[in-house]
Amino acid sequence: MSRPGGRSLRIVIAGAGAIGCFCGGLWAAAGHSVTLLGRGRILGPIAQRGLRLTDYAGLDQRVEARQLRCSEDPAVLAEADLVVVAVKSNGTAAMGQLIAQYAPPNAPVLSFQNGVTNVDLLRQMLPGRDLRAAMVPFNVVPAAPPEAAEGAAVLPGYHRASSGEILIAEGSGHWARFLTVPGLPVGETPDITGVQWGKLLINLNNALNALSGLPLKTQLQSRAWRRLMADQMSEALRVMRAAGLRPVSTTPLPAWTIPHILRLPNWAFTRIAAQMLTIDPAARSSMAQDLLQGRITEVDALQGEIQRLGLAHGVATPVCDVVIQLIRQAEMKKAGLPKLQPGQI
């Protein structure tokens, strides 16, 4: 695929982890020129053997090593027509510095990150650039082919475990059209701020899922865990109302109705919220994956954002306060996933 004028579109994924490798792989398979910028432990095997991308709906896309460029050198940003920032929130400042140093001033920058403040930080660091927030609704986890024999050279893989369309702030020109490829729809929205707050509401469950020790689908099938999810979401909605924020739901249900739906008995919930259960049975949240790997989580960009906003507007956030405390304790242990009951929070 080419830009007007015939030259291949050059995309640099700045901080290629699960989301970056998945999206970048599909863009490369569609003909874009894609460079994955990230850590050698992730990109080394991809550079040698290529990539396999799968999802809950039957996608199975193999990307040859020759179709992707993998690098640990931030100087590759100098070649970008488009920079897609995919680092975790705690890496935003460092990546902003690298983009400022290396990327062309006229290369648009899209933030494919969780939370609501990353794009503001990037704007402070990259004044005058075309910089836009985006919302990625789906969950991606590392995966190995199930047929791989023990001891065989496993093709690096990533698996999309839930559904949804990526949304970019309206006014991004032709980028949404160019980035829409088979298996990866991309659209625009006139209210990316509302969409981000709506996604943050849903992402608050990342921490609860990690603390539960359960797959996402199993957790959603438990009314006790759903009621805790609902309590946390209701708390966040009270804070947002006090701050004058209007979250836009990333599901077919309006944001204010979701806590009520979550509290329903199982028989009613499974009928009304069937799309919430369109999840791979083994999928876990990205925060659960971080705890398994002994990494610092994004809880400060999720529950922490609600906590800070609550303090600023005089609204108590007891559920988020406890969840933050428990996630911090789990981070310090770095011993895998905790296993708690919803009544313990």
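Reading the values: rules and limits
- Residues numbered from 1 in each chain as written.
- Predicted model: local features only at pLDDT ≥ 70, side-chain atom pairs only at ≥ 80, totals over all residues.
- Heavy atoms only, no water.
- Core = buried A, V, L, I, M, F, W, Y, C linked by side-chain atoms within 4.5 Å.
- Buried < 20%, exposed > 50% of the residue type's maximum accessible area, 1.4 Å probe, protein only.
- Helix = DSSP H or I, 4+ residues; strand = E, 2+ residues; numbered from the N terminus.
- Contact = heavy atoms within 4.5 Å.
- Disulfide = S-S within 2.5 Å.
- Polar contact = N/O pair within 3.5 Å; in protein donor to acceptor, adjacent residues only side chain to side chain.
- Pairing = 2+ DSSP bridges.
- Axes fitted to C-alpha atoms, helices over the stretch in contact; angles between N-to-C directions.
- Phe/Tyr/Trp six-rings, centres within 6.5 Å; stacked < 30°, edge-to-face > 60°.
- Lys NZ or Arg CZ within 6 Å of the ring centre and 35° of its normal.

### Thoughts on the nonpolar core
Here's step 1: Of all hydrophobic cores here, the largest spans 47 residues; its most connected members are L200, L201, F269, I306 and I327.
Here's step 2: Elements with a contribution of two residues or more to this core: α6 (192-203), α7 (205-212), α8 (216-220), α9 (223-242), α10 (258-262), α12 (286-292), α13 (303-313) and α14 (318-333).
Here's step 3: Tallying contributions element by element places α9 first for this core, with nine residues.
Here's step 4: The residues touching L200, leaving out its near neighbours within four places in the chain, are G115, V116, M240, A301, L302, E305 and I306.

### With respect to the state of the cysteines
One way to say it: the disulfide is the covalent bond shared by the sulfur atoms of two cysteines.
Here's step 1: Enumeration over the complete set of coordinates arrives at zero disulfides.
Here's step 2: Lacking any disulfide linkage, C21 is separated from the closest cysteine sulfur, that of C70, by 7.2 Å.

### Concerning the side chain of R132
Here's step 1: Tracing the chain through its elements places R132 in strand β8 (residues 131-135).
Here's step 2: Residue classification places R132 among the buried positions, given a relative accessible area of 18%.
Here's step 3: A distance of 3.3 Å separates a polar atom in the side chain of R132 from the backbone oxygen of E170.

### A word on the sheet that holds strand β7 (residues 109-111)
By way of backbone hydrogen bonds, the strands of a sheet pair with one another, either parallel or antiparallel.
Here's step 1: With respect to topology, eight strands assemble into an open sheet ordered β5-β2-β1-β6-β7-β8-β11-β12, the strand pairing being mixed. One side of each edge strand has no neighbouring strand; the edge strands of this open sheet are β5 (68-71) and β12 (186-189). When the angles between neighbouring strand axes are averaged without regard to direction, this sheet yields 25°.
Here's step 2: Direction of pairing for strand β1 (residues 10-14) relative to strand β6 (residues 82-85): parallel, over a ladder of four bridges. Residue pairing across strands places I11 opposite L82, the latter belonging to β6.
Here's step 3: Strands β1, β2 (33-37), β5, β6 and β11 (166-169) of the sheet are contacted by helix α1 (residues 18-29), whose axis makes an angle of about 160° with β2.
Here's step 4: Here α6 sits on the sheet and contacts β8, β11 and β12; the angle it forms with β8, its principal contact strand, is near 40°.

### Some words on the packing of aromatic side chains
How two aromatic rings sit relative to each other is given by the distance of their centres and the angle of their planes.
Here's step 1: By the definition in use, this model includes two aromatic pairs.
Here's step 2: Residues W27 and F112 carry aromatic rings whose centres are separated by 6.1 Å and whose planes lie at 65° to one another, so their mutual orientation is edge-to-face. Of this pair, W27 sits in helix α1 while F112 sits in the loop between β7 and α4 (118-125), and the two are 85 residues apart along the sequence. Of the two residues examined, W27 and F112, each falls in the buried class.
Here's step 3: Lying across the ring of F138, R160 places its NZ or CZ 5.3 Å from the centre.

### Some remarks on the environment of D73
Here's step 1: Tracing the backbone shows D73 in the loop between β5 and β6.
Here's step 2: For D73 and L37, which are 36 residues apart along the polypeptide, the C-alpha to C-alpha distance reads 7.1 Å.
Here's step 3: Only 3.0 Å separates the side chain of D73 from the backbone nitrogen of A75, close enough to count as a polar contact.

### What to know about α7
Here's step 1: Most of α7 is tucked away, with eight of its eight residues classed as buried.
Here's step 2: Looking at α7, one finds that the buried residues are N205, N206, A207, L208, N209, A210, L211 and S212.
Here's step 3: Tucked inside the fold, the buried residues of α7 contact α6, α8, α9, α12, α13 and α14.
Here's step 4: Two residues or fewer past α7, G213 is found with a positive phi of approximately 75°.

### Things to note about the pairing of strand β3 (residues 51-55)
Here's step 1: Burial analysis of β3 places five of its five residues in the buried class, which makes it a mostly covered element.
Here's step 2: Residues L51, L53 and D55 of β3 are buried on one face, and the alternating residues R52 and T54, pointing to the opposite face, are buried as well.
Here's step 3: The sheet contact formed by β3 and strand β4 (residues 60-63) spans four bridges and is antiparallel. Across the sheet, residue R52 finds its bridge partner in β4, namely R62.
Here's step 4: Note that β3 and strand β10 (residues 157-160) share four bridges and pair parallel. Each bridged residue has a counterpart across the sheet, and for L53 the counterpart in β10 is Y158.

### Structural notes on the sheet that holds β4
Here's step 1: With respect to topology, four strands assemble into an open sheet ordered β4-β3-β10-β9, the strand pairing being mixed. Of all strands in the sheet, those with a lone pairing partner are β4 and β9 (140-143), marking the two edges. Looking at each pair of strands side by side, their axes are set apart by 20° on average, direction ignored.
Here's step 2: Docked against the sheet, α1 engages β3, β4, β9 and β10, running at close to 100° with respect to β3.

### With respect to the side chain of Q232
Here's step 1: Relative to the assigned elements, Q232 resides in helix α9.
Here's step 2: Setting aside chain neighbours within four positions, we find Q232 in contact with L204, N205, L208, Q303, V319, C320 and V323.

### Digging into the environment of R39
Here's step 1: Relative to the helices and strands, R39 resides in the loop between β2 and α2 (40-49).
Here's step 2: Residue classification places R39 among the exposed positions, given a relative accessible area of 56%.
Here's step 3: When the C-alpha atoms of R39 and C70 are compared, they prove to be 9.3 Å apart, with 31 residues separating the residues in sequence.

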